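# Per-entry structural report
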Number of protein chains: 2
Amino acid sequence: MVLKNLLVGQSGGPSAAINASLAGVLAEGIASEKIGKVYGAVNGISGVLADHIQEMDMMENEELLHLLKITPAMALGSCRHKLAEIDSDPESYQKIEAVFDKYNIGYFFYIGGNDSMDTVDKLNRYFCRIKKDVKVIGVPKTIDNDLVMTDHTPGFGSAAKYLAVTVDEIIRDTSIYAVKSVTIMEIMGRDSGWLTLAAALPKLLGGSKPDIVALPEVSFDENAFLEQINTLFQTTNNIVAVVSEGIRDQHGNYIGEDTKSGSTDIFGHQYLSGVGKNLEQLIHAIIGCKVRSIEVNLMQRCAAHLASQTDLDEAEQIGRAAVKRALDGASGEMMIFRRVSDHPYQIEIDSYPIGQIANKAAMVPDTMLDLDNSSCREKAADYLLPLIQGDVPQIKDENGMPKFFIL
Amino acid sequence: MVLKNLLVGQSGGPSAAINASLAGVLAEGIASEKIGKVYGAVNGISGVLADHIQEMDMMENEELLHLLKITPAMALGSCRHKLAEIDSDPESYQKIEAVFDKYNIGYFFYIGGNDSMDTVDKLNRYFCRIKKDVKVIGVPKTIDNDLVMTDHTPGFGSAAKYLAVTVDEIIRDTSIYAVKSVTIMEIMGRDSGWLTLAAALPKLLGGSKPDIVALPEVSFDENAFLEQINTLFQTTNNIVAVVSEGIRDQHGNYIGEDTKSGSTDIFGHQYLSGVGKNLEQLIHAIIGCKVRSIEVNLMQRCAAHLASQTDLDEAEQIGRAAVKRALDGASGEMMIFRRVSDHPYQIEIDSYPIGQIANKAAMVPDTMLDLDNSSCREKAADYLLPLIQGDVPQIKDENGMPKFFIL
């Protein structure tokens, strides 16, 4: 009997951990006696549609596998292709089916965030409808940590660690002048404030800074913000504010100049940028003190040099578990983490029907929102701290530069 | 006989290495039998003028000294105070003299960049003129690496390492989509392109990226830049450009919208910002492809988590050497590094009359400017690589967060 083959793809935005999940899927696929060959889809579902499929047998090599694990971004490349509903674009599904037939794919793993889980859901429904035995499993990945039903998402811990450490350094940097100043750090996170909460870790752990933390879960009032700055200036010279790119006013309008253009990406999300610059100009105009905005930008999602060992280990484990789950017969599910305890930190890996996950967003809960409240700060710290633990030793080349996996 | 005391101050912008020089000065001062007490000036020369002087005897503690060495920014705080010429503001000099008398200061060390060396020069001339036996020595520090007469400046190596590693990660991050895109990274460096050259290390070491490197030493032509992008798009999808904040057109005008305001800082430097955004808008308007600009901002000067061990060690050594030099009777000099060889890397520490250093800028030499030329790339790599070597183990607190020295 000819064994079915495995296909894996990556989709959405990069993270420091998404290749660790890829390494996990590949390692488990190669190790399994029930799986034939292992293939990678170059540029995710777009690569499947274009028959851009790559043999990955070389990943039997343990050293190469480890190098892949600690390499940021996506070794297989990514895409932001959204599949239409099955009935409105049957041709695309038939094209995918033909490629799956060509490579005898019985197991498909898609590593990505919210939009990628939509693809997992639709593909699974298609294969169910045509009664084709292809197991489709989603492997979560997003620095935004906004997938529901899972305690957290791979990639978040490393981004959280980068932000916490960087904000801590910026706090020191901005503290040196005896001149009143405001430093605004604009953090990623469209709908949920998890990354901004992580950027607030120095405060959650008992520090006074960052002085201001603005999450999209709480409506943002410019006047209250200015008032808070004036009050803070009575006791500190150097105010640090960490602000989510997704903060909105009481009417639900994004704070940030560029959003006024109303442009949206192909998933219909409003294009965000400029919150920091916007607030910088506001403070400059109204308060008139020294003010600087810092867009932390891509660095927060690709800083492999500051990755969390816990994050990379878990990302690999959830990739391995996905293959086992598919071999057990599951399909149309996303792998999840369930937290068993904070002290000591303990998680279980499980899976959950994808239909109840795709296109939903996990927000920071009310119990962690009020950072003036010590029990909120403690809860948030208990949640975040285990995810950032452990440094990842980088492999260096002969020049002392980090070495990365390149396909 | 009552021994003279030591006073040390920090000035200008922060770096990851300036506290290592402070640790060196303090350690050597405490160890010397010829020096009485060691004092720190809080917020540099402004602190001296305000009699804000702090005893630093607690730095006898080796552990504390090490923690100081690996802490970014300035433990003593900084200032951007420029002393007027002696004859036009004698009162300030008399005030400084009175504070020096009060604390019986015989040795003054000022750790800083170009503008700080101006202060060293003036103070030394003042004490010479009034025939007062105070040794004044400058300890170089600037991430910009633009001090003349020294092979390089403490702080530059760590910033260079941060930039090289970060650009390498960004190259991976931007490579994942099969869509044409330009990513512009705006790098610090007002007059000289050393930091941007360091950001180009992945290219200097044989990579194809960053695709475009724009230093202030070469006049910038927007049309040639756009043409280069169109040419590059014939062979690559994802263009990465590293661009100095200080690039200017053929008429010497800064590229960057905010500079059009003509505002200047108190040293008369034009205020810079917006080069990246400016080029982003240009590409968006003329080429119309996906484009993003990243201002690397403060992170490049305070990222202690990615400091160069070589840089911190040398910063400490040059601080120690400054104290020895003063005890040998020198004054009105800045400490310098002289490179003995690249392979193996070897430097000597010496000193040089400050009058020939202050208010001059060291540029990237012609021999390293043409990065299309392999011998230029090799020369630049030979110069840069030794400076970024060695990782600095951070001290972690019970939460796994880096621990810093706080005065």
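Residues numbered from 1 in each chain as written. Chains lettered and ligands numbered in written order. Predicted model: local features only at pLDDT ≥ 70, side-chain atom pairs only at ≥ 80, totals over all residues. Heavy atoms only, no water.

### Here we look at the overall build of chain A
The number of helices and strands found in chain A is 13 helices and eleven strands. The C-alpha radius of gyration of chain A comes to 22 Å, within 12% of the 22 Å expected for a compact globule of 407 residues. Considered along the principal axes of its C-alpha atoms, chain A spans approximately 75 × 50 × 40 Å. Among the 407 residues that make up chain A, the fraction classed as buried is 62%. Considering only contacts in chain A between residues 6 or more positions apart, those separated by 24 or more positions represent 75%. (Helix = DSSP H or I, 4+ residues; strand = E, 2+ residues; numbered from the N terminus. Rg over C-alpha atoms; globule rule 2.2 N^0.38 Å. Buried < 20%, exposed > 50% of the residue type's maximum accessible area, 1.4 Å probe, protein only. Contact = heavy atoms within 4.5 Å.)

### Quick notes on the packing of aromatic side chains
Tallied over the entire structure, the rule returns 18 aromatic pairs over all chains. Members of the aromatic cluster, connected to one another through ring pairs, are Tyr93, Phe100, Phe108, Tyr110, Tyr126 and Phe127 of chain A. (Phe/Tyr/Trp six-rings, centres within 6.5 Å; stacked < 30°, edge-to-face > 60°.)

### Remarks on the interface of chain A and chain B
Of the residues lining the interface, 53 residues belong to chain A; the matching set on chain B comes to 53 residues. Both sides of the chain A and chain B interface together cover about 4,500 Å² of buried area, and 58% of this is carbon and sulfur. The interface formed by chain A and chain B holds 26 residue pairs in polar contact (both at pLDDT 80 or more) in total. Secondary structure elements with two or more residues in the side of chain A that touches chain B: α6 (156-174), β9 (290-295) and α11 (299-302) of chain A. When its residues are assigned to classes, the side of chain A that touches chain B shows 29 nonpolar, 14 polar and ten charged. (Buried area = accessible area lost by both parts, 1.4 Å probe. Polar contact = N/O pair within 3.5 Å; in protein donor to acceptor, adjacent residues only side chain to side chain. Nonpolar A, V, L, I, M, F, W, Y, C, P; charged D, E, K, R; others polar.)

### What about the pattern of salt bridges?
For the coordinates displayed, the defined rule picks out 53 salt bridges over all chains. For Asp101 of chain B, the salt bridge is made with Lys132 of chain B, and the minimal N-O distance between the two is 2.6 Å. Taken together, the positions of Asp101 of chain B in helix α4 (residues 90-102) and Lys132 of chain B in the loop between α5 (114-129) and β5 (135-140) put the pair 31 residues apart, joining distant regions of the chain. Asp101 of chain B gets classed as partly exposed once you look at its relative accessible area, which sits at 41%. One connected set of salt bridges, linked through shared partners, spans Lys82, Glu85, Asp118, Asp121, Lys122 and Arg125 of chain A. (Salt bridge = Lys/Arg side-chain N within 4 Å of Asp/Glu carboxyl O.)

### Details of the packing of helix α1 (residues 18-31) of chain A against helix α12 (residues 309-327) of chain A
Residues and elements named next belong to chain A. Remark: α1 packs on α12, axes separated minimally by 7 Å, with the N-to-C direction vectors making an angle of 40°. Considered as vectors, α1 and α12 are oriented oblique to each other. The two elements α1 and α12 cross, and the hand of that crossing is right-handed. Residues Ala20, Ser21, Gly24, Val25, Ala27, Glu28 and Gly29 of α1 form the contact with α12, whose participating residues are Leu312, Ala315, Glu316, Ile318, Gly319, Arg320, Val323 and Lys324. (Axes fitted to C-alpha atoms, helices over the stretch in contact; angles between N-to-C directions. Parallel < 35°, antiparallel > 145°, perpendicular 65-115°, else oblique. Left-handed = near helix turned anticlockwise from the far one by under 90°.)

### Remarks on the packing of helix α9 (residues 222-232) of chain A against helix α10 (residues 275-286) of chain A
All names here are of chain A. Across the interface, α9 lies against α10 with an axial gap of 11 Å and an inter-helix angle of 60°. Relative to α10, the element α9 lies oblique. In this structure, the crossing between α9 and α10 has a hand that is right-handed. Side by side, α9 and α10 meet where Glu222, Phe225, Leu226 and Ile229 of the first sit next to Asn278, Leu279, Leu282, Ile283 and Ile286 of the second. For the contact of α9 with α10, the per-class residue count stands at seven nonpolar, one polar and one charged.

### Quick look at the sheet that holds strand β4 (residues 105-112) of chain B
Residues and elements named next belong to chain B. The strand order across the open sheet formed by seven strands is β3-β2-β1-β4-β5-β10-β11, and the pairing between neighbours is mixed. Both edges of this open sheet fall to β3 (53-55) and β11 (346-353), since each of them pairs with a single strand only. Averaged over all pairs of adjacent strands, the angle between strand axes in this sheet comes to 30°, irrespective of strand direction. Examined bridge by bridge, β5 and strand β10 (residues 333-341) share two bridges and lie parallel to one another. Among the inter-strand pairings, Gly138 is bridged to a residue of β10, identified as Met334. Contacting β1 (5-10), β2 (38-41), β4 and β5, helix α1 (residues 18-31) runs over the sheet at an angle of about 180° to β1. (Pairing = 2+ DSSP bridges.)

### So, the confidence of the model for chain A
Per-chain confidence: chain A averages 94 in pLDDT, with 96% of residues scoring 70 or above. Confidence metrics for the complex model read pTM 0.95 and ipTM 0.95. (pLDDT = per-residue confidence, 0-100.)

### With respect to the relation of the copies chain A and chain B
With an RMSD of 0.0 Å, chain A superimposes on chain B once it is rotated by 180° and translated 0.0 Å along the axis. Here the two chains are linked by the operation of a two-fold rotation axis. In this assembly the copies share their binding face: 100% of the residues contributing to the interface of chain A also contribute to that of chain B. (Least-squares fit on C-alpha atoms with pLDDT ≥ 70 in both.)

### Considerations on the sheet that holds strand β8 (residues 238-244) of chain A
Residues and elements named next belong to chain A. The four strands are arranged β7-β8-β6-β9 in an open sheet whose pairing can be described as parallel. At either margin of the open sheet sits one strand with a lone partner, and together these are β7 (212-214) and β9. On average, each strand axis in the sheet is inclined to that of its neighbour by 15°, with strand direction left out of account. The pairing of strand β6 (residues 181-187) with β8 spans seven bridges and is parallel. Across the sheet, Ile187 pairs through a bridge with Ser244, a residue of β8. Contacting β6, β8 and β9, α6 crosses the sheet at an angle of about 165° to β6. Sheet strands in contact with α10 are β6, β8 and β9, and its direction is about 160° off that of β6.

### Side note on α1 of chain B
Residue and element names in this part refer to chain B. Compared with the 20 Å implied by 1.5 Å per residue over 14 residues, the 20 Å span of α1 between its first and last C-alpha is a close match. The element α1 is extensively covered by neighbouring structure, given that twelve of its 14 residues are classed as buried. For α1, the set of buried residues is Ile18, Asn19, Ala20, Ser21, Leu22, Ala23, Gly24, Val25, Leu26, Ala27, Glu28 and Gly29. Looking at the buried positions of α1, the neighbouring elements they touch are β1, β2, α3 (62-69), β4, β5 and α12 (309-327). (Expected span 1.5 Å × (residues − 1).)

### As for the state of the cysteines
Tallying each qualifying case throughout the model produces zero disulfides over all chains. Not part of a disulfide, Cys289 of chain B finds its nearest cysteine sulfur in Cys302 of chain A, a span of 19 Å. (Disulfide = S-S within 2.5 Å.)

### Comments concerning the side chain of Ser181 of chain B
All names here are of chain B. Within the secondary structure, Ser181 sits in strand β6 (residues 181-187). Of the polar contacts made by the side chain of Ser181, one reaches the side chain of Asn238; its length is 3.4 Å. The contact partners of Ser181, leaving out residues within four places of it in the chain, are Thr174, Phe233, Asn237, Asn238, Ile239 and Lys290.

### Brief notes about α4 of chain B
Residue and element names in this part refer to chain B. Counted at 1.5 Å a residue, the expected span for α4 with its 13 residues is 18 Å, and the 18 Å between its end C-alpha atoms agrees. Residues Ser92, Tyr93, Ile96, Glu97, Val99 and Phe100 constitute the buried set of α4. The buried residues of α4 all sit within an arc of 160° when viewed along its axis, so they share a single face. Counted as exposed and oriented over 90 degrees from the buried face of α4: Glu91 and Lys102. Looking at the buried positions of α4, the neighbouring elements they touch are β1, α2 (44-49), β3, β4 and α5. Of the residues trailing α4, Asn104 is marked for its positive phi of about 55°. (Arc of directions from axis to C-beta.)

### Things to note about unusual backbone geometry
All names here are of chain A. In the segment running from His343 into Pro344, the intervening peptide bond is cis, with an omega of -5°. Note that Pro344 resides in the loop between β10 (333-341) and β11 (346-353). One non-glycine residue, Asn104, lies in positive phi territory at about 55°. For Asn104, the location among the structural elements is in the loop between α4 (90-102) and β4 (105-112). Taking the relative accessible area as the measure of exposure, Asn104 reaches 26% and is therefore partly exposed. Phi is positive for Asn297, which is not a glycine, with a value near 60°. By the element assignment, Asn297 lies in the loop between β9 and α11.

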